[in-house]
Amino acid sequence: MPKMKTKSAAKKRFSFTASGRVKAGPAGKRHGMIKRTTKFIRDASGAMILCASDAKIVKKYMPYDR
């Protein structure tokens, strides 16, 4: 059986914690920071853990990164 492919977009945006949960960066921080409020930029810093339903989708995109 052929190998499954990892989605390139997913591997750039998500990573896994040691316990297998999916870690993601905040939405809306790629570009255009001038028009964003300071509060938005401050609140969108760091990383977040995805909820179970979203994590299930991401794990399907990245079959070998667990």
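About the thresholds
Residues numbered from 1 in each chain as written. Predicted model: local features only at pLDDT ≥ 70, side-chain atom pairs only at ≥ 80, totals over all residues. Heavy atoms only, no water. Patch = residues over 30% accessible without salt bridge, like charges linked within 9 Å, V, L, I, M, F, W, Y side chains within 5 Å. Areas by Shrake-Rupley, 256 points an atom, 1.4 Å probe, with all protein chains shown as cover. Salt bridge = Lys/Arg side-chain N within 4 Å of Asp/Glu carboxyl O. Lys, Arg positive; Asp, Glu negative; His and termini not counted. Charge placed at Lys NZ, Arg CZ, Asp CG, Glu CD. Helix = DSSP H or I, 4+ residues; strand = E, 2+ residues; numbered from the N terminus. Buried < 20%, exposed > 50% of the residue type's maximum accessible area, 1.4 Å probe, protein only. Contact = heavy atoms within 4.5 Å. Pairing = 2+ DSSP bridges.

**Student:** I would appreciate a short explanation of a positive patch on the surface in the present structure.
**Tutor:** Together, Lys11, Lys12, Arg13 and Arg30 make up a region of like positive charge exposed at the surface. On the secondary structure map, lysine 12 appears in helix α1 (residues 8-13). Its relative accessible area of 65% is what places lysine 12 among the exposed residues.

**Student:** Would you take a moment to explain the environment of methionine 4 for this structure?
**Tutor:** Mapped onto the elements, methionine 4 comes out in the segment before α1. Taking relative accessible area as the criterion, methionine 4 reaches 49% and is therefore assigned partly exposed. For the pair formed by methionine 4 and proline 63, sequence separation is 59 residues and the distance between their alpha carbons is 7.1 Å. If near-sequence neighbours (up to four positions away) are discounted, methionine 4 is found in contact with Pro63 and Tyr64.

**Student:** Explain the sheet that holds strand β2 (residues 22-24) here, please?
**Tutor:** Backbone hydrogen bonds are what pair the strands of a sheet, in a parallel or an antiparallel way. Strand order in the open sheet formed by three strands is β1-β2-β3, with antiparallel pairing between adjacent strands. The open sheet has two free edges, formed respectively by β1 (14-16) and β3 (48-49), since each of these has just one partner strand. Note that β1 and β2 share three bridges and pair antiparallel. From the neighbouring strand, phenylalanine 14 faces β2, where its bridge partner is alanine 24.

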